[in-house]
Amino acid sequence: MRILVTGGAGYIGSHTAVELIQAGYDVVIVDDLSNARREVIDRIQEITGTRPLFYQINCADKKALQAVFAGNRIDAVIHFAGFKAVGESVKKPLQYYRNNLDSTLTLLEVMEEYGCRKFIFSSSATVYGPENPHSYREEMPAIQSSSPYGWTKVMIERILTDYTTAHPDFCAVLLRYFNPIGAHESGLLGDDPNGIPNNLMPYIARVAARQLEKLTIFGGDYPTPDGTCQRDYLHVVDLAVGHLKALEYAMDHKGVEAVNLGTGNGVSVLELVQVFEKVNHIKLNYVIGPRRDGDLPAFWADATKAKALLGWEAKHSIEDMCESAWRFVLHSNVQ
Ligand code: UD1
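The text that follows walks through the structure, step by step, so that each part is easy to find. None of these values were measured; they are calculated from a predicted model.

What to know about the sheet that holds strand E5 (residues 118-124)
Sheet strands pair by backbone hydrogen bonding; their relative direction is either parallel or antiparallel.
Here comes step 1: Strand order in the open sheet formed by seven strands is E3-E2-E1-E4-E5-E6-E11, and the pairing between neighbours is parallel. Because the sheet does not close on itself, it has two edges, and the strands there are strand E3 (53-55) and strand E11 (255-261). Strand-to-strand, the axes of this sheet are offset by a mean angle of 20°, without reference to chain direction.
Here comes step 2: The pairing of strand E1 (residues 2-6) with strand E2 (residues 26-30) spans five bridges and is classified as parallel. Residue pairing across strands places Ile3 opposite Val27, the latter belonging to E2.
Here comes step 3: Those strands touched by helix H1 (residues 11-22) are E1, E2, strand E4 (76-79) and strand E6 (171-177), and its axis lies near 160° from that of E2.
Here comes step 4: Relative to the sheet, helix H8 (residues 236-251) contacts E1, E4, E5, E6 and E11, its axis offset from that of E6 by approximately 160°.

What follows is the structure, given as structure tokens:
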């Protein structure tokens, strides 16, 4: 079975490509490399022994995408490609809406042209917006977000729902990720954003590597046990496996399903910092600073649907996440 992975050179896409290849799927990656490196394809090959077919294209380029579908009989699509920096999306909303919506619409049009009816979408817990109480359950209204980035996820979920209503033999699984961190155990793949990281774990990793001076913990006065925000951090390899389970589900189902991928546990920023220090024997330079605009105090997943529907649950511990994230940095620095 041949799976198209858009954004397959990115952080979550590359880990998913590895799991797919190891499970026996043929993988075709399309990625415009706007926020990923070509060497990731070599590393996927190094881990799996198989080189995925790779096309450097943007999914909004219809002709190029048609050529990919014409040249490869694609059975299903896992769609990761998209801009993902929350803060940048506030400053450049048009770029975010144009890129994320155009690429998805184009992909759906080309899939329709080639009779491909299985779609796994990289959504986010951000679609639950600021109003829902946690833990978040899939039946809660998921119709609001706090940034243009998040709104593209809400809108794409809507597009996929409407499309599935119009095409009842289509299957779309909307995977709502919580906070993926960690790296592949080989140390060859991990989260390696361009520029100064926005997300917590890559920032911690750069401070640990002394590439950034100190971590600022955004807010120490939240109504949480230690005053710092709580999130549901999950290991990126668990998340990648979740995509395989969603794919297996989509292969013999129709319709649209939203599924949370999280552990179901909240961990605070301070707790994560302390676990990182402990398992990696590193002292992190950090200060507690003001709150960051738009951050919610605490949220995590209700992960029961993922287990019931997909037979998936997160297996890795916070320790594994912190250890593997650091191993990736050490490995990258000796390359
Ligand atoms: C955000 C987005 C989410 C997106 C995810 C990955 C929202 C509400 N959430 O999640 O949709 O999928 O990024 O791109 O838009 N922190 C610090 N110092 C730092 C960085 C982060 O203290 O230097 C804290 C934050 O305040 C937060 C936690 O670490 O409490 C996690 O932050 P981050 O990794 O950016 O993820 P989210 O904001 O939870």
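From this point, the discussion proceeds with the structure in view.
As for the site of the ligand
Here comes step 1: In the neighbourhood of the ligand, 21 residues make up the surrounding shell, with Leu200, Thr216, Phe218, Arg231 and Asp295 lying closest.
Here comes step 2: One nitrogen or oxygen atom from the side chain of Ser124 is found 3.1 Å from an oxygen atom belonging to the ligand.
Here comes step 3: Thr216 has a polar backbone atom sitting 2.8 Å from a nitrogen atom of the ligand.
Here comes step 4: Compared with its free state, where it exposes 750 Å², the ligand has 91% of that area covered by protein.

With respect to the packing of helix H7 (residues 200-208) against helix H9 (residues 269-280)
Here comes step 1: Relative to each other, H7 and H9 sit at 40°, their axes nearing to 12 Å. As the angle between them shows, H7 and H9 are arranged oblique. Remark: the crossing between H7 and H9 carries right-handed chirality. Residues Leu200, Met201, Ile204 and Ala208 of H7 lie in contact with H9, whose contacting residues are Val269, Leu272, Val273 and Phe276.
Here comes step 2: Partitioned by chemical class, the residues of the contact of H7 with H9 number eight nonpolar, no polar and no charged.

Digging into helix H3 (residues 62-71)
Every α-helical turn comprises 3.6 residues, leaving residues that sit three or four positions apart pointing alike.
Here comes step 1: Of all the positions in H3, only Ala64, Leu65, Val68 and Phe69 are classed as buried. An end-on view of H3 places all buried positions within 140° of arc, on one side of the element. The outward face of H3, more than 90 degrees from its buried face, is lined by the exposed residues Lys63, Ala70 and Gly71.
Here comes step 2: Looking at the buried positions of H3, the neighbouring elements they touch are E1, E2, E3, E4 and helix H5 (93-113).

Focus: the packing of aromatic side chains
Aromatic rings considered in pairs are described by the distance between their centres and by the relative angle of their planes.
Here comes step 1: Enumeration over the complete set of coordinates arrives at nine aromatic pairs.
Here comes step 2: Each ring, one from Tyr128 and one from Tyr136, has its centre 4.6 Å from the other, and the planes form 20°; the classification is stacked.
Here comes step 3: You can call Tyr128 buried: its relative accessible area is 1%.
Here comes step 4: Three or more aromatic residues joined by ring pairs form one cluster here, namely Tyr128, Tyr136, Phe178 and Phe299.
Here comes step 5: A cation over a ring is seen here: Arg291 above Tyr222, with NZ or CZ 4.0 Å from the ring centre.

Brief notes about the pairing of E1
Here comes step 1: Here E1 lies mainly inside the structure; four of its five residues are buried.
Here comes step 2: With respect to chirality, the unit in which E1 leads through H1 into the neighbouring parallel E2 is right-handed.
Here comes step 3: Bridge analysis of E1 against E4 gives four bridges, and the strand direction is parallel. Across the sheet, residue Leu4 finds its bridge partner in E4, namely Val77.

About the criteria used
- Residues numbered from 1 in each chain as written.
- Predicted model: local features only at pLDDT ≥ 70, side-chain atom pairs only at ≥ 80, totals over all residues.
- Heavy atoms only, no water.
- Pairing = 2+ DSSP bridges.
- Helix = DSSP H or I, 4+ residues; strand = E, 2+ residues; numbered from the N terminus.
- Axes fitted to C-alpha atoms, helices over the stretch in contact; angles between N-to-C directions.
- Contact = heavy atoms within 4.5 Å.
- Near = heavy atom within 4 Å.
- Polar contact = N/O pair within 3.5 Å; in protein donor to acceptor, adjacent residues only side chain to side chain.
- Areas by Shrake-Rupley, 256 points an atom, 1.4 Å probe, with all protein chains shown as cover.
- Parallel < 35°, antiparallel > 145°, perpendicular 65-115°, else oblique.
- Left-handed = near helix turned anticlockwise from the far one by under 90°.
- Nonpolar A, V, L, I, M, F, W, Y, C, P; charged D, E, K, R; others polar.
- Buried < 20%, exposed > 50% of the residue type's maximum accessible area, 1.4 Å probe, protein only.
- Arc of directions from axis to C-beta.
- Phe/Tyr/Trp six-rings, centres within 6.5 Å; stacked < 30°, edge-to-face > 60°.
- Lys NZ or Arg CZ within 6 Å of the ring centre and 35° of its normal.
- Right-handed = clockwise from strand over helix to strand, strands pointing away.

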